[in-house]
Amino acid sequence: DAGVTQSPTHLIKTRGQHVTLRCSPISGHKSVSWYQQVLGQGPQFIFQYYEKEERGRGNFPDRFSARQFPNYSSELNVNALLLGDSALYLCASSFSGGEIGGTQYFGPGTRLTVL
Amino acid sequence: QKEVEQNSGPLSVPEGAIASLNCTYSDRGSQSFFWYRQYSGKSPELIMFIYSNGDKEDGRFTAQLNKASQYVSLLIRDSQPSDSATYLCAVNPYNQGGKLIFGQGTELSVKP
C-alpha cells in the first residue's frame, strides 16, 4: 500500500509569493495534520483536519490556511511568504481524529526555500 | 519550561551497547506518547507508541512511561550504526485532538 504522499518535493519561492502544498493520506485514513520543521528543531503543529473539518490549529499566523477534500487529501496554503517560512513541511496521516491511539504517519515532506 | 524536553545530544554509544533516550513533558493530562526516528534529510518514521505506565517492547526497542514523573524513555538494545539518527519524542496533549507536540530531538551516533 502507498504511504503518505506529498507534492512537490522541493520548492523555491521569493518573499511575498504564495505557495500551495499538497498531501494524500494513507488509503483509509481520514485525518491529515500539517507540521513545520525548521532545521535543528522538532516539527511544530500547524493544522489538523478530520472528515474535512478543522480539528486543531497551531500558533501560526493567518497567512497559513488549509483544507481537506472529500477524498481526504489536503492542501496547505501560505500567503505573503517570509524568509522565516523556509522549512520542511510535513503532512501526517492518521485513521482517527485524535482519540487515544491516533497514530500519525508522516509523508516525505516538502522542502520550501524562500529567497 | 518547554512542553516536551529532550537532551539534544549528540549521544554517542559503541556498537552493541544500549542507547537510552529520555523525554519529559509538562502537560500532566497527556495520554499518548510516541517515538519517531528521523534520518538526516528525511521525514520522521514512527518507532513506537505507548499509552500506559510501564514498559512496552518491540524487538530491540523498549519504551518506558512514568506518568507520575511525566517521563518517557526509549531504550535501544544492541545498537547498530544504522540506528544513528535523531530521535523525536512526541506527546499528544489532553483534549487537543490529534495535535502532537515534539521535543527538539536527540541525535544518536552509534560508533562501529
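Here's a quick rundown of the structure. (Residues numbered from 1 in each chain as written. Chains lettered and ligands numbered in written order. Predicted model: local features only at pLDDT ≥ 70, side-chain atom pairs only at ≥ 80, totals over all residues. Heavy atoms only, no water.)

### Looking at the overall build of chain B
The helix and strand tally for chain B stands at zero helices and eleven strands. Taking 112 residues into account, the globule formula puts the C-alpha radius of gyration at 13 Å, and chain B, at 13 Å, falls close to it. For chain B, the proportion of its 112 residues judged to be buried stands at 45%. Relative to all contacts within chain B whose residues are 6 or more apart in sequence, the contacts with residues 24 or more apart total 54%. Carbon and sulfur atoms provide 45% of the accessible area of chain B, an area that totals close to 5200 Å². (Helix = DSSP H or I, 4+ residues; strand = E, 2+ residues; numbered from the N terminus. Rg over C-alpha atoms; globule rule 2.2 N^0.38 Å. Buried < 20%, exposed > 50% of the residue type's maximum accessible area, 1.4 Å probe, protein only. Contact = heavy atoms within 4.5 Å. Areas by Shrake-Rupley, 256 points an atom, 1.4 Å probe, with all protein chains shown as cover.)

### Here's the deal with the sheet that holds strand β6 (residues 54-58) of chain B
Backbone hydrogen bonds are what pair the strands of a sheet, in a parallel or an antiparallel way. Residue and element names in this part refer to chain B. Across the sheet, five strands lie side by side as β1-β3-β8-β7-β6; this open sheet has antiparallel pairing. The open sheet has two edge strands, β1 (4-5) and β6, and neither has a second partner. Here strand β7 (residues 61-66) pairs with strand β8 (residues 71-76) via six bridges, running antiparallel. Looking across to β8, one finds that Q64 is bridged to S73. (Pairing = 2+ DSSP bridges.)

### Thoughts on the pattern of salt bridges
Per the counting criterion, the structure on display carries eight salt bridges over all chains. The partner of K30 of chain A in a salt bridge is E51 of chain A, with the nearest N and O atoms 3.6 Å apart. Here E51 of chain A lies in the loop between β5 (44-50) and β6 (53-57) and K30 of chain A lies in the loop between β3 (19-24) and β4 (31-37), a separation of 21 residues in the sequence. By relative accessible area, which is 29% here, E51 of chain A ends up partly exposed. In this structure, D83 of chain B engages R60 of chain B in a salt bridge whose closest nitrogen and oxygen atoms are separated by 2.9 Å. With D83 of chain B in the loop between β8 and β9 (85-92) and R60 of chain B in the loop between β6 and β7, this residue pair connects regions lying 23 residues apart in the sequence. (Salt bridge = Lys/Arg side-chain N within 4 Å of Asp/Glu carboxyl O.)

### A word on the state of the cysteines
Within the structure shown, the criterion is met by two disulfides over all chains. Between the sulfur of C23 of chain A and that of C91 of chain A lies a disulfide, 1.8 Å long from S to S. Taking the sign of the torsion about the S-S bond as the criterion, the disulfide between C23 of chain A and C91 of chain A, at about -60°, is left-handed. Here the residue C23 of chain A occupies a position in strand β3, and C91 of chain A occupies one in strand β9 (residues 87-94), the gap between them amounting to 68 residues. Accessibility assignment for this pair places C23 of chain A and C91 of chain A in one class, buried. Residue pairing for C23 of chain B: its cysteine sulfur links by disulfide to C89 of chain B, the two sulfurs lying 2.1 Å apart. Since a negative S-S torsion denotes a left-handed disulfide, the C23 of chain B-C89 of chain B link at about -70° is left-handed. Here C89 of chain B lies in strand β9 and C23 of chain B lies in strand β3 (residues 19-25), a separation of 66 residues in the sequence. On the basis of relative accessible area, C89 of chain B is assigned to the buried category, the value being 0%. (Disulfide = S-S within 2.5 Å.)

### Here's the deal with the interface of chain A and chain B
Listed as interface residues are 21 residues of chain A and, on the opposing side, 20 residues of chain B. Taken together, both faces of the contact between chain A and chain B bury some 1600 Å²; the carbon and sulfur share is 57%. At the junction of chain A and chain B, the tally comes to zero salt bridges. In this assembly, chain A and chain B are joined by six residue pairs in polar contact (both at pLDDT 80 or more). Those elements that provide at least two residues to the side of chain A that touches chain B are β4, β5, β9 and β10 (105-106) of chain A. Here the side of chain A that touches chain B is built from residues that sort into nine nonpolar, twelve polar and no charged. (Buried area = accessible area lost by both parts, 1.4 Å probe. Polar contact = N/O pair within 3.5 Å; in protein donor to acceptor, adjacent residues only side chain to side chain. Nonpolar A, V, L, I, M, F, W, Y, C, P; charged D, E, K, R; others polar.)

### Quick notes on the packing of aromatic side chains
All names here are of chain B. Enumeration according to the criterion identifies eleven aromatic pairs over all chains in this entry. A cation over an aromatic ring shows up here: K56 above the ring of F49, its NZ or CZ 3.7 Å from the ring centre. The ring of F61 is capped by R60, whose NZ or CZ atom sits 5.5 Å from the centre of that ring. (Phe/Tyr/Trp six-rings, centres within 6.5 Å; stacked < 30°, edge-to-face > 60°. Lys NZ or Arg CZ within 6 Å of the ring centre and 35° of its normal.)

Remember, this is a structural readout, not a statement about activity or role.
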